[in-house]
Amino acid sequence: MAHDFLRASRSPLGNIRVSFEFFPPKTAEMEASLWDSITRLAPLEPSFVSVTYGAGGSTRERTHSTVARILRETTLKPAAHLTCVAATREEVDEVIRAYHAVGVRHIVALRGDPVSGPGSAYEPHPGGYATSTDLVAGIRRLGDFEVTVSAYPEKHPESATLDADLDVLKAKVDAGATRAVTQFFFDNAHYLRYVDRVRARGINIPIVPGIVPVQNFRQIASFAKKTGASVPQWLADRFEGLDDDPATRRLVAAAVAAEQVLDLVDHGVTDFHFYTMNKADLVYAICHLLGLRTHLIERAA
Ligand code: FAD
């Protein structure tokens, strides 16, 4: 197969860095579409690309094989998501060692959602890692991994207060986390206020905003409800009447996301994590607006 190798020149807007999140594909067709997206986005030279771990550990093998393929076939730096759910410490440690053995050096460490879904009470697996903090410490004990964790600008739905959430973030950092990626949000004020509180709490790791381009408003609105992210009325208004008009929806989605990231740049943000949903076009366009460029540097057969 012929590959075009492209390379990004840095952004004229400043030193912008991006990372991309994918989910492991279920079918051969989804796999082909994921790889189209990876191939399109790779020349933007992301700092890393991450691959999610299905609820309840349901994608353990698929996450591993996707991450391993990224390592084998690209020069991208993959980060593997991992949760504490439905597995003993030994089983989770085995996954971590398997990642280390194939050359993965970056894990996104999460507690994960309760087995019966978000909203129900979380019960740690007996003999498993009880919290994300324990998992971060376990990963750091097992190898020289970079560890990214989650952060919630509008607070995690299970947290009583934002301060309680900040305590959890602080514990994760003390256990060895080196970066946090936020849950998606639409109102930048939530993120900017949150970062102020994080810094006031003495937490100094990068808090990278998680940006979700709205491919499908209804789907995102329903997902937001479960994750505690608020959906402002102005956003609903912008997508009003477009349910049967995907072409206009995409243009609106690009405009909304562009507005959001450019406003964050104006506030001094330089790193962005994109929830790609395994689709490249919108994310590619937004990165272009952020000033990232690619140019052909080599062609190989
Ligand atoms: P944490 O931040 O560890 O904690 C969530 C809440 O649990 C806290 O607010 C607190 O109420 C309580 N808590 C945790 N630790 C303690 C403690 N030591 N003491 C007291 N209370 C505590 N889910 C997946 O299944 N797979 C994925 O790949 C995945 N990727 C994600 C990526 C990002 C960037 C984000 C933001 C979320 C992701 N999730 C993923 C969702 C995540 O698993 C859920 O939000 C889950 O409910 C919480 O996991 P966490 O690690 O974010 O929780």
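It should be noted that the structure appears before, not after, this text.
Okay, so let's go over this structure. As the structure is a prediction and not an experimental result, all values here were calculated from the model.

1. What about the pattern of salt bridges?
(1) Moving on: By the definition in use, this model includes 13 salt bridges.
(2) Moving on: Note that Arg 105 is salt-bridged to Asp 144, the shortest N-O span being 3.5 Å. One end of the pair, Arg 105, is in the loop between α3 (89–102) and β5 (106–110); the other, Asp 144, is in the loop between α4 (132–142) and β6 (146–151), with 39 residues separating them in the sequence.
(3) Moving on: By relative accessible area, which is 33% here, Arg 105 ends up partly exposed.
(4) Moving on: For Asp 144, a relative accessible area of 54% translates into the label exposed.
(5) Moving on: Residue Asp 243 pairs with Arg 218 through a salt bridge whose shortest N-O separation is 2.8 Å. Linking Asp 243 in the loop between α8 (233–239) and α9 (246–266) with Arg 218 in helix α7 (residues 217–227), this pair joins segments that are 25 residues apart in sequence.
(6) Moving on: One salt-bridge network, in which partners are shared between bridges, spans Glu 31, Arg 69 and Glu 73.

2. Description of the packing of aromatic side chains
(1) Moving on: For the coordinates displayed, the defined rule picks out six aromatic pairs.
(2) Moving on: Measuring from centroid to centroid gives 5.6 Å for Phe 184 and Phe 186, while their planes differ by 55°, and the two rings are tilted. For the pair Phe 184 and Phe 186, a shared accessibility class is recorded, and that class is buried.
(3) Moving on: Relative to Phe 274, the ring of Phe 272 lies with its centre 6.4 Å away and its plane at 25°, an arrangement referred to as stacked.
(4) Moving on: By way of ring pairs, the aromatic residues Phe 20, Phe 272 and Phe 274 are connected into one cluster.
(5) Moving on: When the ring centre of Tyr 122 is taken as origin, the NZ or CZ atom of Arg 111, which lies over that ring, is 4.0 Å away.

Conventions and cut-offs
Residues numbered from 1 in each chain as written. Predicted model: local features only at pLDDT ≥ 70, side-chain atom pairs only at ≥ 80, totals over all residues. Heavy atoms only, no water. Salt bridge = Lys/Arg side-chain N within 4 Å of Asp/Glu carboxyl O. Helix = DSSP H or I, 4+ residues; strand = E, 2+ residues; numbered from the N terminus. Buried < 20%, exposed > 50% of the residue type's maximum accessible area, 1.4 Å probe, protein only. Phe/Tyr/Trp six-rings, centres within 6.5 Å; stacked < 30°, edge-to-face > 60°. Lys NZ or Arg CZ within 6 Å of the ring centre and 35° of its normal.

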